[in-house]
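Residue strings, one per chain:
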Amino acid sequence: MRKFLVVLDDSTECLNAMRFAALRAARTGGGVAVLSVIPPEEFNHWIGVGDLMREEARERIEVHFEVFAKWMRDKQGVDPELIIREGEPTDEIIQQLSDDPDIGVLVLGASGDRKKGPGPLVTQLSRSAGDLPVPITIVPGDLSKERLEAIT
């Protein structure tokens, strides 16, 4: 089964990337893998504090994921899997693509803010797109829900 890998983060454009991945998976009989990366700088504290922060970050990710997962299960019939990694986001995304041969497409949400650009992940990963083992689908963050449903 082909899986769509989508990145769960705190960006607003993440929502459209999640929707796109779930809709495409539902229409093609695929699956969705949701990757959330905890950056290492969040834990550069004393060991006990770092461990507590790591656990809190995981709990926050799991709660956030469940919101999307419930919608995917209830509305799209897709049961997503959650993957949590620690490290630099771009490196961890590339590593996940390497680790899971069932992933067929990387789905990223792009910011509509012209001054800031599409976002760091889109910028960094599009530079190395030619070396990735799968194609990238970039979903505009300001695309309407109706338009998104129409094109999937």
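Residues numbered from 1 in each chain as written. Predicted model: local features only at pLDDT ≥ 70, side-chain atom pairs only at ≥ 80, totals over all residues. Heavy atoms only, no water.

## Observations regarding the sheet that holds strand β1 (residues 3–7)
Whenever strands of a sheet pair, they do so through backbone hydrogen bonds, lying parallel or antiparallel.
Then, number 1: Taken in spatial order, the 5 strands of this open sheet run β3-β2-β1-β4-β5, and their pairing is parallel. Pairing within the sheet leaves two strands with one partner each, and these edge strands are β3 (81–86) and β5 (136–140). Across the sheet, the mean angle from the axis of one strand to that of its neighbour is 25°, orientation sign disregarded.
Then, number 2: In terms of strand pairing, β1 meets strand β4 (residues 103–110) through 4 bridges, oriented parallel. Counted as the bridge partner of Lys-3 is Ile-103 from β4.
Then, number 3: Sheet strands in contact with helix α3 (residues 89–99) are β1, β2 (31–38), β3 and β4, and its direction is about 130° off that of β3. (Pairing = 2+ DSSP bridges. Helix = DSSP H or I, 4+ residues; strand = E, 2+ residues; numbered from the N terminus. Axes fitted to C-alpha atoms, helices over the stretch in contact; angles between N-to-C directions. Contact = heavy atoms within 4.5 Å.)

## Remarks on a negative patch on the surface
Then, number 1: A grouping of Glu-55, Glu-56, Glu-59 and Glu-62 is seen on the molecular surface, where their side chains present a negatively charged patch.
Then, number 2: Tracing the backbone through its elements, the reader meets Glu-55 in helix α2 (residues 47–76). (Patch = residues over 30% accessible without salt bridge, like charges linked within 9 Å, V, L, I, M, F, W, Y side chains within 5 Å. Areas by Shrake-Rupley, 256 points an atom, 1.4 Å probe, with all protein chains shown as cover. Salt bridge = Lys/Arg side-chain N within 4 Å of Asp/Glu carboxyl O. Lys, Arg positive; Asp, Glu negative; His and termini not counted. Charge placed at Lys NZ, Arg CZ, Asp CG, Glu CD.)

## What to know about the layout of surface pockets
Then, number 1: In this structure, the largest pocket occupies an estimated 520 Å³ of space.
Then, number 2: Lining the largest pocket are 27 residues; nearest its centre among them are Val-7, Leu-8, Asp-9, Asp-10 and Val-37.
Then, number 3: Mapped onto the lining of the largest pocket, the elements with two or more residues apiece are β1, α1 (14–28), β2, α2, β4 and α4 (120–127).
Then, number 4: Split by residue class, the lining of the largest pocket holds 17 nonpolar, 5 polar and 5 charged. (1 Å grid on protein atoms, 1.4 Å probe; cavity = no way out; pocket = protein on both sides within 12 Å on 5 of 7 lines; lining within 4 Å. Points joined across faces, edges and corners; volume = space filled by probe spheres on them. Nonpolar A, V, L, I, M, F, W, Y, C, P; charged D, E, K, R; others polar.)

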